[in-house]
Amino acid sequence: MKALVYLGPAKMALEDRPVPGILAPTDAIVRVTKTTICGTDLHILKGDVPSCQPGRILGHEGIGVIDKVGAAVTGFNPGDKVLISCISACGKCVYCRKLMYSHCTTGGWLLGNSIDGTQAEFVRIPYADTSLYRAPDETDEDALVMLSDILPTGFECGVLSGKVQPGGTVAIVGAGPIGLAALLTAQFYSPADIIVIDLDDNRLEVAMRFGATATINSRDGKAKETVMHLTGRRGIDTAIEAVGIPATFELCENILAPGGTIANIGVHGTKVDLHLESLWDRNITITTRLVDTVSTPMLLKTLQSRKIDPTLLITHRFKLSRILDAYETFAHAANTRALKVIIEI
């Protein structure tokens, strides 16, 4: 089969690899039909994720059709159309019992990280019964791909961890795909204001179309002052960090109102200063987490009822044979105006 293989920092190639087989009775083999590229894949290529070693097939998102199932799989059969979760969960360990699937003792973020992933014609899914979701026949396939990772990540790590509430004020720092996913799902809770901050005017225009009440281009270094002006000098109830660099996390620290929450989503590869000298007395909460995908069933229902349209995030489409072009497009989003790309296998 064809597969996109990580070869070390800044190196990857489309290679021929053996089709994976069943290794455990709880496995399923899925013939991938559509996948996508995540910002985390770019962090891997930068060398920020040491758990992903050279030789690994990348990708942790997608949809497909069951090809084979292990003897212990009871919820799926060959031919079933499925949504692949970015998180593999045994469903039995101490963390799974707490619904912290991302910290499953034998699962978690495996695909495209510590085992081969979805940017290939076939993928092995561990713990298939608790790591796959039946894909409704009538649901848009491209929209389903967005439910593998980006929608539950924006919702769980940003909106839920950030305690977004009706009438509250939210700032989303970073208008890339994950920030926009947080913007879409924050509206479930009817906050009064959603301010989106980024360096890219195109993405800020998209954010306004997606429901932001205000946008700020932070290129002039005055984002804090603008936020304070917009909030009557009070600051933000929920600051969602959706980039993963020191400057954006520090901006979240600087714009928070007393009693506010910083919800970190970004993947941080370098140290960030925590300014306790200015935060120690302000009743601040800082949350960090990986997505657990516990919200996926709910998001599937909102998709089916047309309460949310994840296809708004999709800007480009490629065949697997052009996946290197897809990475080039996704990595240079400022020039290509890319948000999410769909890769058809």
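Residues numbered from 1 in each chain as written. Predicted model: local features only at pLDDT ≥ 70, side-chain atom pairs only at ≥ 80, totals over all residues. Heavy atoms only, no water.

Caption draft 1: A look at the sheet that holds strand 8 (residues 169-173). Spatially, 10-9-8-11-12-13 is the arrangement adopted by the six strands of the open sheet, whose pairing is parallel. Looking along the sheet, the strands with just one partner apiece sit at the ends: strand 10 (214-217) and strand 13 (285-287). On average, each strand axis in the sheet is inclined to that of its neighbour by 15°, with strand direction left out of account. Direction of pairing for strand 11 (residues 236-241) relative to strand 12 (residues 256-264): parallel, over a ladder of five bridges. Looking across to strand 12, one finds that Glu-241 is bridged to Asn-264. Packed on one face of the sheet, helix 7 (residues 201-210) meets strand 9 (193-198) and strand 10 and runs near 170° to strand 10. (Pairing = 2+ DSSP bridges. Helix = DSSP H or I, 4+ residues; strand = E, 2+ residues; numbered from the N terminus. Axes fitted to C-alpha atoms, helices over the stretch in contact; angles between N-to-C directions. Contact = heavy atoms within 4.5 Å.)

Caption draft 2: Representation of the nonpolar core within the structure. Among the nonpolar cores identified, the biggest contains 71 residues, and Leu-151, Leu-183 and Val-196 are the most heavily contacted of them. Among the elements that take part in this core, helix 6 (residues 177-186) stands out by supplying seven residues, more than any other. Leu-183 has contacts with Ile-172, Ile-194, Val-196, Ala-207, Phe-210, Gly-211 and Ala-212, leaving out every residue within four places of it along the chain. Core analysis: the second largest hydrophobic core is formed by 16 residues, Ile-195, Ile-216, Ile-236 and Phe-249 among them. (Core = buried A, V, L, I, M, F, W, Y, C linked by side-chain atoms within 4.5 Å. Buried < 20%, exposed > 50% of the residue type's maximum accessible area, 1.4 Å probe, protein only.)

Caption draft 3: Representation of the pairing of strand 3 (residues 28-36) in the model. Among the nine residues of strand 3, eight are classified as buried, and the element is accordingly described as predominantly covered. Looking at chain direction, strand 3 and strand 4 (residues 62-69) are connected through six bridges and run antiparallel. Note that in strand 4 the partner of Val-30 across the bridge is Ile-66. Strand direction decides the pairing type here: strand 3 and strand 6 (residues 122-125), joined by four bridges, are antiparallel. Residue pairing in the sheet places Ile-29 in a bridge with Arg-124 of strand 6. Bridge count between strand 3 and strand 15 (residues 340-344): three bridges; the pairing is antiparallel. Across the sheet, the residue bridging to Lys-34 is Glu-344, located in strand 15.

Caption draft 4: Representation of the packing of helix 5 (residues 150-160) against helix 6. At a closest axis distance of 8 Å, the pairing of helix 5 and helix 6 adopts a crossing angle of 70°. On the basis of their axis angle, the class for helix 5 and helix 6 is roughly perpendicular. Residues Ile-150, Leu-151, Thr-153, Gly-154, Phe-155 and Val-159 of helix 5 touch helix 6, and the partners they reach there are Pro-177, Ile-178, Ala-181, Ala-182, Thr-185 and Ala-186. Broken down by class, the residue content of the contact of helix 5 with helix 6 amounts to nine nonpolar, three polar and no charged. (Parallel < 35°, antiparallel > 145°, perpendicular 65-115°, else oblique. Nonpolar A, V, L, I, M, F, W, Y, C, P; charged D, E, K, R; others polar.)

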